[in-house]
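As a plain string of letters, each chain reads:
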Amino acid sequence: MIKNAEWLVVGHSKDFPIRIGRTIHIKGAEIAVFRTSENELYAVENVSPHPKRGPLTEAIVSGHYIYDPLYDWKIDLQTGIVQEPDHGQIKTFAVCEEGEKVKISLETV
């Protein structure tokens, strides 16, 4: 966890099924939260880095990567970096589970 960060409860663990994205709106930010097959949670800004933009919530999850649903760009959920041959980056946010509560910090990772 990030020390001294403000952690906001965004849902219950069961609200975040494996390999399905969920859109969260907190403090004016739109965030996509994904749970991988390895049961790890990741939170990223819910906007494609592609020049034409678009949401990422419907992305296909594979390992710790997502595939942009509109442009098929491969994005690393850990770093937000778009994989070659494409380029770009999205913001990533700290996310954790405490008991059955899912929390996000709006401080970027």
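About the cut-offs
- Residues numbered from 1 in each chain as written.
- Predicted model: local features only at pLDDT ≥ 70, side-chain atom pairs only at ≥ 80, totals over all residues.
- Heavy atoms only, no water.
- Helix = DSSP H or I, 4+ residues; strand = E, 2+ residues; numbered from the N terminus.
- Rg over C-alpha atoms; globule rule 2.2 N^0.38 Å.
- Buried < 20%, exposed > 50% of the residue type's maximum accessible area, 1.4 Å probe, protein only.
- Contact = heavy atoms within 4.5 Å.
- Areas by Shrake-Rupley, 256 points an atom, 1.4 Å probe, with all protein chains shown as cover.
- Lys, Arg positive; Asp, Glu negative; His and termini not counted.
- Charge placed at Lys NZ, Arg CZ, Asp CG, Glu CD.
- Pairing = 2+ DSSP bridges.
- Axes fitted to C-alpha atoms, helices over the stretch in contact; angles between N-to-C directions.
- pLDDT = per-residue confidence, 0-100.
- Salt bridge = Lys/Arg side-chain N within 4 Å of Asp/Glu carboxyl O.
- Phe/Tyr/Trp six-rings, centres within 6.5 Å; stacked < 30°, edge-to-face > 60°.
- Lys NZ or Arg CZ within 6 Å of the ring centre and 35° of its normal.

1. Quick notes on the overall build of the chain
The helix and strand inventory of the chain stands at zero helices and nine strands. Helices and strands in the chain line up, N terminus first, as β-β-β-β-β-β-β-β-β. For a compact globule of 109 residues, the expected C-alpha radius of gyration is about 13 Å, and the chain comes in at 13 Å, within 12% of that figure. In terms of principal-axis extent, the alpha carbons of the chain reach across some 40 × 25 × 20 Å. A buried classification covers 44% of the 109 residues belonging to the chain. When contacts within the chain are restricted to residue pairs at least 6 apart in sequence, those whose partners lie at least 24 apart make up 38%. On the chain, roughly 6,200 Å² of surface is accessible, and the fraction owed to carbon and sulfur atoms is 49%. For the chain, the separation between the mean place of its 12 positive charges and that of its 16 negative charges on side chains is 5 Å.

2. So, the sheet that holds strand β6 (residues 65-67)
What the three strands build is an open sheet, ordered β5-β6-β7; its pairing is antiparallel. Here the strands that pair on one side only, and so sit at the sheet edges, are β5 (60-62) and β7 (74-76). Direction aside, neighbouring strands of the sheet carry axes that sit 30° apart on average. Sheet topology places β6 next to β7; three bridges connect them, and they run antiparallel.

3. Quick look at the confidence of the model for the chain
Caution applies to low-pLDDT parts of the model: their predicted coordinates are not meant to be read in detail. Looking at the chain, the pLDDT average stands at 92 and 94% of residues meet or exceed 70. By mean pLDDT, the top-scoring element of the chain is β7 (97), and the lowest-scoring one is strand β9 (residues 101-108) (88).

4. With respect to the pattern of salt bridges
Enumeration over the complete set of coordinates arrives at three salt bridges. With a shortest N-O distance of 3.0 Å, Glu 6 and Lys 27 are connected by a salt bridge. Of the two residues, Glu 6 is situated in the segment before β1 (7-12) and Lys 27 in the loop between β2 (21-26) and β3 (29-35); the sequence distance between them amounts to 21 residues. Since its relative accessible area comes to 45%, Glu 6 is described here as partly exposed. Judged by its relative accessible area of 61%, Lys 27 falls in the exposed class.

5. Overview of the packing of aromatic side chains
In this structure the tally under the stated criterion is zero aromatic pairs. In this structure, Arg 22 is placed above the aromatic ring of Phe 16, and the distance from its NZ or CZ to the ring centre is 5.0 Å. Over the face of the ring belonging to Tyr 65 we find Lys 74, whose NZ or CZ atom lies 4.3 Å from the ring centre.

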